[in-house]
Amino acid sequence: MATAAAHETRTAEEDTTTGAYEHAFDAAVAAEERIEPRDWMPDAYRATLVRQMAQHAHSEIIGMQPEANWITRAPSLRRKAILMAKVQDEAGHGLYLYSAAETLGTGRDELLDKLHSGRQKYSSIFNYPTLTWADVGAIGWLVDGAAITNQVPLCRCSYGPYARAMVRICKEESFHQRQGYELLLALSRGTAEQHAMAQDAVDRWWWPSLMMFGPPDDESAHSAQSMTWKIKRHSNDELRQRFVDICVPQAASLGLTLPDPELRWNEERGRHDFGPIDWSEFREVLKGNGPCNEQRLTQRRRAHEEGAWVREAAAAYAAKQTTGGAEGERA
Ligand SMILES: [Fe+2]
Ligand SMILES: [Fe+2]
């Protein structure tokens, strides 16, 4: 039939066009060029990026909570000012990343809705409690340290807006890592009680930090495709190993030990061997059964509801601006 034939022809033409686009996309990725928002990209590439950037953005804003818990109890004005700046930075990181996700056509409202309803995840690390002041130091040194190890390679991610957001974020993460290290050093060199507090915090945060790199390579569902697309540059296990090798000498300088009896230098590999990770704990926390999952999400939903008037006011102001300068001002 004529219509069916015409339809078939169109489909074939579309296929040829898509094929050409796909070829151009693959060539750009292979040549280390950046993919920009208006470029053609495979649907799965777009979906992978939105999922990853959303999870990353959610982690930044949920990650404000465990440390904000200590702002009112910081031991000095200097420590309070540093901690407030750090927590604000994390809010900023969330904003860069939600904006980067918006360039792919997914709005912030939709992503926040998925976070609040539990349909999208955030990093499992933020479901652990901050029990003492030393936890602020351990988070800065280990959690921000692990984040940097993960994120520096993302500065070369094939998607332009994500890569550029990461450049800025990594600079701020370096400050976070240094402040954590410096805080722990002060405690470690302090009284016996302060030293013990620092050691206890490191004992509790070490293993969850290693889990931040995600499941072992042979169980990582999305890794291979993300590496082909140059969203990801190194495997989970490779980054985890890199992090362990960085931390061991730093722990020695801090005068603290890492809670792993199997941790030792392997001359042959030129790297550190370390003990097995308890992946059942990781899976439980991911499932929502960590010590603070409930508390973090409840607090996030409450903050969103309490901020409704700010969003409404900002939208009303923006609407006034678009209806026209002076007239808008008088309205
Ligand atoms: Fe951050
Ligand atoms: Fe940070």
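About the criteria used
- Residues numbered from 1 in each chain as written.
- Chains lettered and ligands numbered in written order.
- Predicted model: local features only at pLDDT ≥ 70, side-chain atom pairs only at ≥ 80, totals over all residues.
- Heavy atoms only, no water.
- Helix = DSSP H or I, 4+ residues; strand = E, 2+ residues; numbered from the N terminus.
- Buried < 20%, exposed > 50% of the residue type's maximum accessible area, 1.4 Å probe, protein only.
- Contact = heavy atoms within 4.5 Å.
- Areas by Shrake-Rupley, 256 points an atom, 1.4 Å probe, with all protein chains shown as cover.
- Donors = N, O, S within 2.8 Å, 3.2 Å for Na, K, Ca; no water.
- Tetrahedral: all angles 85-135°; square planar, octahedral: opposite > 155°, others 65-115°.
- Salt bridge = Lys/Arg side-chain N within 4 Å of Asp/Glu carboxyl O.
- Expected span 1.5 Å × (residues − 1).
- Bend = angle between axes of the 7 residues up to and from the residue.
- Disulfide = S-S within 2.5 Å.

Taking an unreviewed UniProt entry as the reference, the protein chain is identified by name as 1,2-phenylacetyl-CoA epoxidase subunit PaaA belonging to Streptomyces hintoniae.

K.L.:
How would you summarise the overall build of the protein chain if you had to cite specific residues and measurements?
P.N.:
Counting its regular elements, the protein chain contains 14 helices and two strands. Principal-axis analysis of the C-alpha atoms places the extent of the protein chain at approximately 85 × 65 × 35 Å. By residue count, 46% of the 331 residues in the protein chain fall in the buried class. Pairs at least 24 residues apart make up 77% of the contacts formed inside the protein chain by residues separated by at least 6 positions. Surface summary for the protein chain: the accessible area is close to 17,000 Å², and the carbon and sulfur share equals 56%.

K.L.:
Help me get a handle on the coordination of the iron ion (ligand 2), residues and values and all.
P.N.:
Glu90 (OE), Asp144 (OD), Glu173 (OE) and His176 (ND1) make up the full set of protein donors to the iron ion (ligand 2), lying at 2.0 to 2.2 Å. Between the four donor atoms coordinating the iron ion (ligand 2), the angles at the centre fall across 86 to 158°, so the site counts as irregular. In this structure, the iron ion (ligand 2) lies 3.4 Å from the iron ion (ligand 1), and both are coordinated by Glu90. Taken as a pair, Asp144 in helix H6 (residues 134-151) and Glu173 in helix H7 (residues 160-188) lie far apart in primary sequence, 29 residues in all. By the burial criterion, Asp144 is buried, and Glu173 matches it.

K.L.:
Mind laying out the coordination of the iron ion (ligand 1), listing which residues take part and the relevant values?
P.N.:
The coordination sphere of the iron ion (ligand 1), as far as protein atoms go, consists of Glu60 (OE), Glu90 (OE), His93 (ND1) and Glu173 (OE), spread over 2.0 to 2.2 Å. In this structure, the iron ion (ligand 1) is surrounded by four donor atoms whose angles at the metal cover 85 to 143°, and the resulting shape is irregular. Glu90 sits in the buried class, given a relative accessible area of 5%. Classification of His93 by relative accessible area gives buried; the value is 0%.

K.L.:
So what's going on with the pattern of salt bridges? Residues and values would help.
P.N.:
A complete count under the given rule lists 19 salt bridges for this structure. The shortest N-O distance in the salt bridge between Lys86 and Glu90 comes to 3.7 Å. On the criterion of helical spacing, the pair formed by Lys86 and Glu90 is a turn pair, its members being four residues apart in helix H4 (residues 77-102). The pair formed by Lys86 and Glu90 is uniform in burial state, with each residue classed as buried. The residue Glu102 makes a salt bridge to Arg108 at a minimum N-O spacing of 3.8 Å. On the basis of relative accessible area, Glu102 is assigned to the partly exposed category, the value being 35%.

K.L.:
Describe H6, naming the residues involved and giving the relevant values.
P.N.:
Between its first and last C-alpha atoms H6 spans 25 Å; for 18 residues at 1.5 Å apiece the expected length is 26 Å, and the two agree. Along its length, H6 shows its largest kink, about 30°, at Gly140. Counting buried residues in H6 gives 17 out of 18 residues, a clear majority hidden from the surface.

K.L.:
Requested: an account of the environment of Ala31, with residues and values cited.
P.N.:
Its place among the elements puts Ala31 in the loop between helix H1 (2-30) and helix H2 (43-62). Along the chain, Ala31 and Thr132 lie 101 residues apart, while their C-alpha atoms are 49 Å from each other.

K.L.:
Provide a residue-level description of the state of the cysteines, including the pertinent values.
P.N.:
Under the defined criterion, the tally for this structure stands at zero disulfides. With no disulfide of its own, Cys157 has Cys155 as its nearest cysteine by sulfur position, at a separation of 9.7 Å.

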